[in-house]
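Working through the structure, step by step
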Amino acid sequence: MRIEARLCDPLEARLVPRDGRGLRIGLVVPQSGPLGMIGPSAVDAALLAVHEVNVAGGVHGAYVDLVLVDGGARPDVVAREVAGLGDAGAVDALVGFHTSDVHRAIERTVAGRTPYVFTPPHEGGGRRPGVVCIGADPAQQLSGALRWLTREHGLRRWALVGNDYIWPQAVHASARSLVAAAGSQVVLDELVPLGGVAARVDRLTDELRRSRADAVLLSLVGRDLVTFHRALRQADLDRRLVRLSGALEENGLLAGDGERTGTLFAAMSSFVSMTDERHLRLAERHASLLGPQAPVLDSYAEGVYDGLHLVARLAAEGTLRPSGLASAVARVLDVDRTGRVHLARAEGLGLTVVPGVA
(Lines give C-alpha, C1' and ligand atoms only; values in the text may rest on other atoms or scores of the structure.)
Protein backbone atom coordinates (compact mmCIF):
# COMPACT_ATOMS: atom_id res chain seq x y z
CA MET A 1 0.00 0.00 0.00
CA ARG A 2 1.28 3.47 -0.87
CA ILE A 3 1.79 5.75 2.12
CA GLU A 4 -0.04 9.03 1.54
CA ALA A 5 2.20 11.01 3.86
CA ARG A 6 5.24 13.09 3.04
CA LEU A 7 8.14 13.50 5.46
CA CYS A 8 10.73 16.20 4.73
CA ASP A 9 13.74 17.56 6.61
CA PRO A 10 13.94 21.09 8.07
CA LEU A 11 16.29 22.43 5.39
CA GLU A 12 13.95 21.36 2.61
CA ALA A 13 10.98 22.77 4.50
CA ARG A 14 12.64 26.19 4.79
CA LEU A 15 13.88 26.39 1.21
CA VAL A 16 11.30 24.67 -0.99
CA PRO A 17 8.08 26.62 -1.71
CA ARG A 18 4.98 25.02 -0.27
CA ASP A 19 1.37 24.70 -1.28
CA GLY A 20 -0.29 27.58 0.52
CA ARG A 21 -3.44 25.53 1.09
CA GLY A 22 -1.71 22.58 2.73
CA LEU A 23 -1.07 22.00 6.42
CA ARG A 24 2.55 21.40 7.42
CA ILE A 25 3.29 20.07 10.91
CA GLY A 26 6.69 19.96 12.59
CA LEU A 27 7.18 16.46 14.04
CA VAL A 28 9.66 16.82 16.91
CA VAL A 29 10.66 13.32 18.05
CA PRO A 30 14.03 11.86 19.12
CA GLN A 31 16.20 10.40 16.41
CA SER A 32 19.30 10.47 18.61
CA GLY A 33 20.21 10.82 22.28
CA PRO A 34 18.75 8.94 25.28
CA LEU A 35 15.34 8.43 23.65
CA GLY A 36 16.61 7.78 20.13
CA MET A 37 15.74 4.09 20.27
CA ILE A 38 12.05 5.00 20.67
CA GLY A 39 11.97 7.51 17.82
CA PRO A 40 11.30 5.11 14.90
CA SER A 41 8.06 3.96 16.50
CA ALA A 42 6.89 7.57 16.82
CA VAL A 43 7.76 8.33 13.19
CA ASP A 44 5.71 5.30 12.10
CA ALA A 45 2.76 6.49 14.19
CA ALA A 46 3.03 9.96 12.64
CA LEU A 47 3.07 8.55 9.12
CA LEU A 48 0.02 6.43 9.92
CA ALA A 49 -1.92 9.38 11.36
CA VAL A 50 -1.14 11.72 8.46
CA HIS A 51 -1.84 8.95 5.91
CA GLU A 52 -5.29 8.50 7.46
CA VAL A 53 -5.99 12.23 7.31
CA ASN A 54 -4.81 12.51 3.70
CA VAL A 55 -6.71 9.52 2.32
CA ALA A 56 -9.83 10.98 3.94
CA GLY A 57 -9.35 14.18 1.91
CA GLY A 58 -6.72 16.04 3.91
CA VAL A 59 -7.59 19.37 5.50
CA HIS A 60 -9.95 21.39 3.31
CA GLY A 61 -8.93 19.20 0.38
CA ALA A 62 -5.18 19.78 0.80
CA TYR A 63 -2.58 17.28 2.02
CA VAL A 64 -0.90 17.36 5.41
CA ASP A 65 2.91 17.16 5.34
CA LEU A 66 5.41 16.47 8.12
CA VAL A 67 8.75 18.11 8.85
CA LEU A 68 10.95 15.81 10.95
CA VAL A 69 13.01 17.56 13.64
CA ASP A 70 15.38 15.51 15.81
CA GLY A 71 14.07 16.05 19.33
CA GLY A 72 17.01 14.11 20.78
CA ALA A 73 19.55 16.91 20.32
CA ARG A 74 20.42 19.46 23.03
CA PRO A 75 17.48 21.66 24.09
CA ASP A 76 19.03 24.82 22.65
CA VAL A 77 19.76 23.08 19.33
CA VAL A 78 16.20 21.77 18.98
CA ALA A 79 14.72 25.13 19.96
CA ARG A 80 16.89 26.90 17.40
CA GLU A 81 15.81 24.48 14.66
CA VAL A 82 12.17 24.96 15.52
CA ALA A 83 12.57 28.74 15.67
CA GLY A 84 14.08 28.72 12.17
CA LEU A 85 11.11 26.81 10.84
CA GLY A 86 8.72 29.24 12.46
CA ASP A 87 10.57 32.31 11.22
CA ALA A 88 10.47 30.93 7.67
CA GLY A 89 6.77 30.17 7.86
CA ALA A 90 7.67 26.55 7.12
CA VAL A 91 5.34 24.91 9.68
CA ASP A 92 1.83 25.65 10.90
CA ALA A 93 2.04 23.67 14.14
CA LEU A 94 4.31 21.40 16.18
CA VAL A 95 3.59 17.95 17.62
CA GLY A 96 6.01 15.71 19.43
CA PHE A 97 7.48 13.85 22.35
CA HIS A 98 10.94 14.50 23.77
CA THR A 99 12.47 15.13 27.18
CA SER A 100 10.90 17.94 29.18
CA ASP A 101 14.02 20.11 29.09
CA VAL A 102 13.69 20.10 25.29
CA HIS A 103 9.96 20.74 25.69
CA ARG A 104 10.54 23.81 27.87
CA ALA A 105 13.15 25.19 25.45
CA ILE A 106 10.72 24.83 22.54
CA GLU A 107 7.92 26.36 24.60
CA ARG A 108 9.96 29.49 25.29
CA THR A 109 10.68 29.78 21.57
CA VAL A 110 7.22 29.25 20.07
CA ALA A 111 4.77 30.42 22.75
CA GLY A 112 2.17 32.70 21.23
CA ARG A 113 3.56 32.11 17.71
CA THR A 114 3.15 28.47 16.66
CA PRO A 115 0.60 25.99 18.10
CA TYR A 116 2.51 23.25 19.95
CA VAL A 117 1.10 19.95 21.24
CA PHE A 118 3.37 17.98 23.60
CA THR A 119 2.14 14.39 23.85
CA PRO A 120 3.98 12.26 26.51
CA PRO A 121 3.74 12.26 30.32
CA HIS A 122 4.83 15.69 31.51
CA GLU A 123 5.98 17.49 34.64
CA GLY A 124 2.75 19.40 35.28
CA GLY A 125 2.39 23.10 35.95
CA GLY A 126 1.11 25.90 33.74
CA ARG A 127 1.83 26.41 30.06
CA ARG A 128 2.42 29.49 27.93
CA PRO A 129 -0.11 30.57 25.28
CA GLY A 130 -0.42 28.18 22.36
CA VAL A 131 1.25 25.26 24.18
CA VAL A 132 -0.80 22.22 25.26
CA CYS A 133 0.15 18.94 26.96
CA ILE A 134 -2.12 15.94 26.40
CA GLY A 135 -0.29 13.34 28.53
CA ALA A 136 -0.49 12.70 32.28
CA ASP A 137 1.20 14.73 35.00
CA PRO A 138 3.13 12.89 37.77
CA ALA A 139 0.22 12.61 40.19
CA GLN A 140 -2.12 11.29 37.47
CA GLN A 141 0.49 8.84 36.29
CA LEU A 142 1.65 7.45 39.63
CA SER A 143 -1.02 7.73 42.29
CA GLY A 144 -3.07 4.64 41.46
CA ALA A 145 -0.08 2.46 40.58
CA LEU A 146 1.98 3.39 43.62
CA ARG A 147 -0.95 2.97 46.00
CA TRP A 148 -1.86 -0.46 44.55
CA LEU A 149 1.71 -1.76 44.55
CA THR A 150 2.31 -0.58 48.11
CA ARG A 151 -0.81 -2.34 49.32
CA GLU A 152 -0.55 -5.55 47.29
CA HIS A 153 3.16 -6.12 47.94
CA GLY A 154 3.33 -4.75 51.48
CA LEU A 155 5.96 -2.19 50.48
CA ARG A 156 7.41 0.03 53.20
CA ARG A 157 10.68 1.43 51.86
CA TRP A 158 10.76 3.16 48.46
CA ALA A 159 13.85 4.29 46.56
CA LEU A 160 13.56 6.96 43.86
CA VAL A 161 16.06 6.82 40.98
CA GLY A 162 15.76 9.11 37.98
CA ASN A 163 17.49 11.35 35.48
CA ASP A 164 18.34 14.88 36.54
CA TYR A 165 16.05 17.10 34.50
CA ILE A 166 12.59 18.62 34.80
CA TRP A 167 10.27 15.61 34.46
CA PRO A 168 12.03 13.23 36.91
CA GLN A 169 12.48 16.10 39.37
CA ALA A 170 8.71 16.66 39.31
CA VAL A 171 8.08 12.91 39.52
CA HIS A 172 10.23 12.62 42.64
CA ALA A 173 8.52 15.59 44.30
CA SER A 174 5.11 14.02 43.65
CA ALA A 175 6.29 10.54 44.64
CA ARG A 176 7.51 11.69 48.04
CA SER A 177 3.99 12.86 48.88
CA LEU A 178 2.35 9.75 47.41
CA VAL A 179 4.68 7.39 49.30
CA ALA A 180 3.96 9.16 52.58
CA ALA A 181 0.21 9.06 51.91
CA ALA A 182 0.49 5.29 51.35
CA GLY A 183 2.09 4.87 54.78
CA SER A 184 5.61 4.15 53.49
CA GLN A 185 8.87 6.10 53.45
CA VAL A 186 11.43 7.20 50.89
CA VAL A 187 14.83 5.81 51.85
CA LEU A 188 16.85 6.85 48.79
CA ASP A 189 16.41 9.73 46.34
CA GLU A 190 18.92 9.87 43.48
CA LEU A 191 18.99 11.93 40.27
CA VAL A 192 21.59 11.10 37.62
CA PRO A 193 22.51 13.23 34.57
CA LEU A 194 21.04 12.07 31.25
CA GLY A 195 23.37 9.47 29.78
CA GLY A 196 25.19 9.12 33.10
CA VAL A 197 23.83 5.86 34.50
CA ALA A 198 26.51 3.59 33.01
CA ALA A 199 29.28 5.46 34.84
CA ARG A 200 27.39 5.43 38.14
CA VAL A 201 25.65 2.08 38.09
CA ASP A 202 27.90 0.37 40.66
CA ARG A 203 27.41 3.20 43.15
CA LEU A 204 23.65 3.21 42.56
CA THR A 205 23.27 -0.53 43.12
CA ASP A 206 25.42 -0.31 46.28
CA GLU A 207 23.23 2.51 47.61
CA LEU A 208 20.11 0.49 46.88
CA ARG A 209 21.47 -2.40 48.93
CA ARG A 210 22.45 -0.16 51.83
CA SER A 211 19.06 1.57 51.82
CA ARG A 212 17.27 -1.77 52.34
CA ALA A 213 14.58 -0.56 49.93
CA ASP A 214 11.90 -3.05 48.94
CA ALA A 215 10.70 -1.00 45.95
CA VAL A 216 12.17 1.49 43.50
CA LEU A 217 10.43 4.09 41.38
CA LEU A 218 12.40 4.55 38.15
CA SER A 219 12.13 7.88 36.36
CA LEU A 220 15.10 7.07 34.16
CA VAL A 221 14.45 7.29 30.43
CA GLY A 222 15.61 5.59 27.24
CA ARG A 223 19.06 4.05 27.29
CA ASP A 224 19.61 4.95 30.95
CA LEU A 225 16.52 2.95 31.92
CA VAL A 226 17.71 -0.03 29.87
CA THR A 227 21.20 0.15 31.39
CA PHE A 228 19.86 0.26 34.94
CA HIS A 229 17.40 -2.57 34.27
CA ARG A 230 20.27 -4.78 33.16
CA ALA A 231 22.43 -3.70 36.11
CA LEU A 232 19.74 -4.65 38.62
CA ARG A 233 19.49 -8.07 37.02
CA GLN A 234 23.27 -8.55 37.12
CA ALA A 235 23.36 -7.50 40.78
CA ASP A 236 20.46 -9.87 41.54
CA LEU A 237 18.44 -6.95 42.83
CA ASP A 238 15.64 -7.45 40.29
CA ARG A 239 14.28 -10.32 42.40
CA ARG A 240 14.44 -8.34 45.63
CA LEU A 241 12.89 -5.09 44.42
CA VAL A 242 9.45 -4.24 43.12
CA ARG A 243 10.16 -1.76 40.32
CA LEU A 244 7.76 0.83 38.91
CA SER A 245 8.60 2.96 35.86
CA GLY A 246 6.77 5.89 34.32
CA ALA A 247 8.81 5.61 31.12
CA LEU A 248 8.96 1.89 30.32
CA GLU A 249 7.35 0.76 27.07
CA GLU A 250 7.70 -2.27 24.81
CA ASN A 251 10.70 -1.07 22.79
CA GLY A 252 12.65 -0.33 25.97
CA LEU A 253 11.68 -3.68 27.48
CA LEU A 254 12.90 -5.45 24.36
CA ALA A 255 16.18 -3.50 24.46
CA GLY A 256 16.63 -4.62 28.07
CA ASP A 257 16.18 -8.31 27.11
CA GLY A 258 12.77 -8.60 28.73
CA GLU A 259 11.83 -9.48 32.28
CA ARG A 260 11.41 -12.76 34.14
CA THR A 261 10.69 -11.91 37.80
CA GLY A 262 7.13 -10.57 37.69
CA THR A 263 8.12 -7.57 39.82
CA LEU A 264 8.69 -4.95 37.11
CA PHE A 265 5.75 -2.63 36.39
CA ALA A 266 5.05 0.29 34.08
CA ALA A 267 2.48 3.09 34.39
CA MET A 268 1.66 4.47 30.94
CA SER A 269 -1.36 5.62 28.95
CA SER A 270 -1.41 2.53 26.71
CA PHE A 271 0.26 -0.79 26.03
CA VAL A 272 0.53 -2.95 22.92
CA SER A 273 -1.19 -5.83 24.72
CA MET A 274 -4.44 -3.90 25.18
CA THR A 275 -7.26 -5.69 23.40
CA ASP A 276 -10.04 -3.11 23.22
CA GLU A 277 -11.42 -2.44 19.77
CA ARG A 278 -9.57 0.87 19.33
CA HIS A 279 -6.13 -0.64 19.96
CA LEU A 280 -6.80 -3.76 17.90
CA ARG A 281 -7.89 -1.68 14.91
CA LEU A 282 -4.96 0.70 15.33
CA ALA A 283 -2.53 -2.24 15.30
CA GLU A 284 -4.21 -3.69 12.20
CA ARG A 285 -3.97 -0.40 10.29
CA HIS A 286 -0.34 0.02 11.34
CA ALA A 287 0.63 -3.47 10.17
CA SER A 288 -1.31 -3.05 6.92
CA LEU A 289 0.43 0.24 6.06
CA LEU A 290 3.97 -0.31 7.37
CA GLY A 291 4.30 -4.09 7.50
CA PRO A 292 4.49 -6.64 10.31
CA GLN A 293 8.20 -5.95 10.93
CA ALA A 294 7.67 -2.28 11.78
CA PRO A 295 8.37 -1.21 15.39
CA VAL A 296 5.39 -1.61 17.69
CA LEU A 297 3.31 1.46 18.43
CA ASP A 298 4.21 2.01 22.06
CA SER A 299 2.62 4.57 24.37
CA TYR A 300 4.86 7.41 23.18
CA ALA A 301 4.02 6.61 19.55
CA GLU A 302 0.31 6.45 20.25
CA GLY A 303 0.50 9.88 21.88
CA VAL A 304 2.07 11.29 18.70
CA TYR A 305 -0.64 9.60 16.61
CA ASP A 306 -3.35 11.20 18.76
CA GLY A 307 -1.61 14.58 18.73
CA LEU A 308 -1.45 14.71 14.94
CA HIS A 309 -5.10 13.76 14.52
CA LEU A 310 -5.95 16.45 17.07
CA VAL A 311 -4.02 19.14 15.18
CA ALA A 312 -5.56 18.11 11.85
CA ARG A 313 -9.05 18.32 13.34
CA LEU A 314 -8.43 21.77 14.79
CA ALA A 315 -7.05 22.95 11.45
CA ALA A 316 -10.15 21.64 9.67
CA GLU A 317 -12.35 23.52 12.15
CA GLY A 318 -10.35 26.72 11.81
CA THR A 319 -9.30 26.77 15.48
CA LEU A 320 -5.61 25.89 15.07
CA ARG A 321 -4.04 29.08 16.38
CA PRO A 322 -2.04 29.92 19.50
CA SER A 323 -4.73 32.10 21.04
CA GLY A 324 -7.39 29.88 22.50
CA LEU A 325 -5.54 26.63 21.71
CA ALA A 326 -6.02 25.19 25.21
CA SER A 327 -9.78 25.74 25.15
CA ALA A 328 -10.04 24.36 21.60
CA VAL A 329 -8.14 21.23 22.60
CA ALA A 330 -10.23 20.76 25.74
CA ARG A 331 -13.39 20.96 23.63
CA VAL A 332 -12.46 18.23 21.14
CA LEU A 333 -10.13 15.93 23.10
CA ASP A 334 -11.49 12.57 24.26
CA VAL A 335 -11.85 13.33 27.97
CA ASP A 336 -12.25 9.64 28.77
CA ARG A 337 -8.67 8.97 27.61
CA THR A 338 -6.90 12.22 28.44
CA GLY A 339 -4.55 11.67 31.36
CA ARG A 340 -5.75 8.09 31.83
CA VAL A 341 -3.02 5.71 32.97
CA HIS A 342 -2.83 1.91 33.12
CA LEU A 343 -0.53 -0.25 35.22
CA ALA A 344 1.11 -3.18 33.45
CA ARG A 345 3.37 -6.01 34.59
CA ALA A 346 6.40 -6.93 32.46
CA GLU A 347 6.21 -10.56 31.36
CA GLY A 348 8.98 -11.71 29.04
CA LEU A 349 9.10 -9.20 26.19
CA GLY A 350 5.60 -7.83 26.76
CA LEU A 351 3.63 -5.69 29.21
CA THR A 352 0.32 -7.04 30.48
CA VAL A 353 -2.24 -4.63 31.96
CA VAL A 354 -3.21 -5.21 35.57
CA PRO A 355 -7.04 -4.99 35.65
CA GLY A 356 -8.72 -2.39 37.78
CA VAL A 357 -5.69 -0.17 38.50
CA ALA A 358 -5.69 3.38 37.14
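Residues numbered from 1 in each chain as written. Predicted model: local features only at pLDDT ≥ 70, side-chain atom pairs only at ≥ 80, totals over all residues. Heavy atoms only, no water.

**Description of the sheet that holds strand β7 (residues 157–163)**
Reading across the sheet, the seven strands line up as β8-β7-β9-β10-β11-β12-β13 and stay open at both edges, with mixed pairing between neighbours. Every interior strand has two partners, whereas the edge strands, β8 (185–192) and β13 (350–353), have only one. Averaged over all adjacent pairs, the angle separating strand axes in this sheet is 25°, with direction ignored. In this structure, β7 lies alongside strand β9 (residues 215–219), joined through five bridges in parallel fashion. Opposite W158, over in β9, you have A215 as the bridge partner. Relative to strand β10 (residues 242–245), helix α8 (residues 222–234) is tilted by about 175°, and along the sheet it contacts β7, β9, β10 and β11 (264–268). (Pairing = 2+ DSSP bridges. Helix = DSSP H or I, 4+ residues; strand = E, 2+ residues; numbered from the N terminus. Axes fitted to C-alpha atoms, helices over the stretch in contact; angles between N-to-C directions. Contact = heavy atoms within 4.5 Å.)

**As for helix α11 (residues 299–317)**
Over its 19 residues, α11 runs 27 Å from end to end, which matches the ideal 27 Å to within 8%, given 1.5 Å per residue. When you tally the buried positions in α11, you get 15 out of 19 residues, the bulk of the element. For α11, the N-terminal cap is D298; the gap from its side-chain oxygen to the backbone nitrogen of Y300 is 3.1 Å. The positive-phi residue at the C-terminal boundary of α11 is G318, with phi of around 80°. (Expected span 1.5 Å × (residues − 1). Buried < 20%, exposed > 50% of the residue type's maximum accessible area, 1.4 Å probe, protein only. Polar contact = N/O pair within 3.5 Å; in protein donor to acceptor, adjacent residues only side chain to side chain.)

**As for the sheet that holds strand β3 (residues 64–70)**
One open sheet holds the six strands; their spatial order is β1-β3-β2-β4-β5-β6, and the pairing between them is parallel. Sheet topology places β1 (6–8) and β6 (131–133) at the edges, where each strand pairs with a single neighbour. Taken over all neighbouring pairs, the strand axes of this sheet differ in orientation by 25° on average, direction set aside. Relative to strand β4 (residues 93–96), strand β2 (residues 23–29) runs parallel, the two being bridged by four bridges. Bridging from a neighbouring strand, V28 pairs with G96 of β4. Packed onto the sheet, α11 meets β2, β3, β4 and β5 (116–118) and runs at close to 155° relative to β2.

**Quick notes on the packing of helix α3 (residues 75–87) against helix α4 (residues 100–110)**
Geometrically, a packed helix pair is captured by the angle between its two axes and the distance between the axes. The geometry of α3 relative to α4 is characterised by a closest axis approach of 8 Å and an angle of 35° between their N-to-C directions. When the axes of α3 and α4 are compared, the crossing they make is right-handed. Where α3 abuts α4, its residues P75, V78, A79, V82 and A83 lie against D101, V102, A105, I106, T109 and V110. A breakdown of the residues in the contact of α3 with α4 according to their chemical character gives nine nonpolar, one polar and one charged. (Left-handed = near helix turned anticlockwise from the far one by under 90°. Nonpolar A, V, L, I, M, F, W, Y, C, P; charged D, E, K, R; others polar.)

**Side note on a nonpolar patch on the surface**
Taken together, the side chains of L11, L15 and V16 present a nonpolar region at the surface, about 300 Å² in accessible area. Among the secondary structure elements, V16 is positioned in the loop between α1 (10–15) and β2. Looking at V16, the relative accessible area reads 40%, which means it is partly exposed. (Patch = residues over 30% accessible without salt bridge, like charges linked within 9 Å, V, L, I, M, F, W, Y side chains within 5 Å. Areas by Shrake-Rupley, 256 points an atom, 1.4 Å probe, with all protein chains shown as cover. Salt bridge = Lys/Arg side-chain N within 4 Å of Asp/Glu carboxyl O.)

**A few points about the UniProt feature "domain: Leucine-binding protein" (unreviewed entry) in the protein chain**
Using the residue numbers shown here, the UniProt feature "domain: Leucine-binding protein" (unreviewed entry) corresponds to residues 23–329. In this annotation, residues 23–329 is assigned 47% helix and 17% strand; the end-to-end C-alpha distance for the span is 18 Å. (UniProt positions renumbered as here; feature names shortened; annotations may be inferred.)

**Points about the environment of E190**
Inspection of the secondary structure puts E190 in strand β8. Exposure remark for E190: the relative accessible area of 16% places this residue in the buried category. Not counting residues within four places of it along the chain, the set of residues in contact with E190 comprises L160, V161, G162, H172, R203, L204 and E207.

**Re the nonpolar core**
By size, the foremost hydrophobic cluster in this structure holds 100 residues, and its most contacted members are L149, W158, L208, F228, L244, L308 and L343. Looking at this core element by element, the count peaks at ten residues for α11. In this structure F228 touches V161, V197, V201, L204, L208, L218 and L220, once residues within four positions along its chain are discounted. In terms of nonpolar packing, the next biggest core, distinct from the first, is built from 18 residues, A13, A90, V91 and V102 among them. (Core = buried A, V, L, I, M, F, W, Y, C linked by side-chain atoms within 4.5 Å.)

**Thoughts on the pattern of salt bridges**
Inspection of every chain in the model, using the stated rule, returns 22 salt bridges. In this structure, E317 engages R331 in a salt bridge whose closest nitrogen and oxygen atoms are separated by 2.9 Å. On the criterion of sequence distance, the pair formed by E317 in helix α11 and R331 in helix α12 (residues 325–332) is long-range, its members being 14 residues apart. In the salt-bridge network here, residues are joined through shared partners; they are R104, E107, E123 and R127.

**Side note on the side chain of E4**
Along the polypeptide, E4 turns up in the segment before β1. For E4, a relative accessible area of 16% corresponds to the buried category. Apart from the residues within four sequence positions on either side, E4 is in contact with V50, H51, N54, V55 and Y63.

**Some words on the packing of aromatic side chains**
One pass over the full model with this rule turns up three aromatic pairs. Summarising the aromatic geometry, the rings of Y116 and F118 are spaced 6.5 Å apart at their centres and angled 55° between planes, so their arrangement reads as tilted. Side by side, Y116 and F118 carry an identical accessibility label, which is buried. Here the aromatic rings of W148 and F265 are separated by 6.3 Å at their centres, their planes lie at 65°, and the arrangement is edge-to-face. Note that W148 is positioned in helix α5 (residues 138–153) and F265 in strand β11, a separation of 117 residues in sequence. Here W148 matches F265 in class, with each residue buried. (Phe/Tyr/Trp six-rings, centres within 6.5 Å; stacked < 30°, edge-to-face > 60°.)

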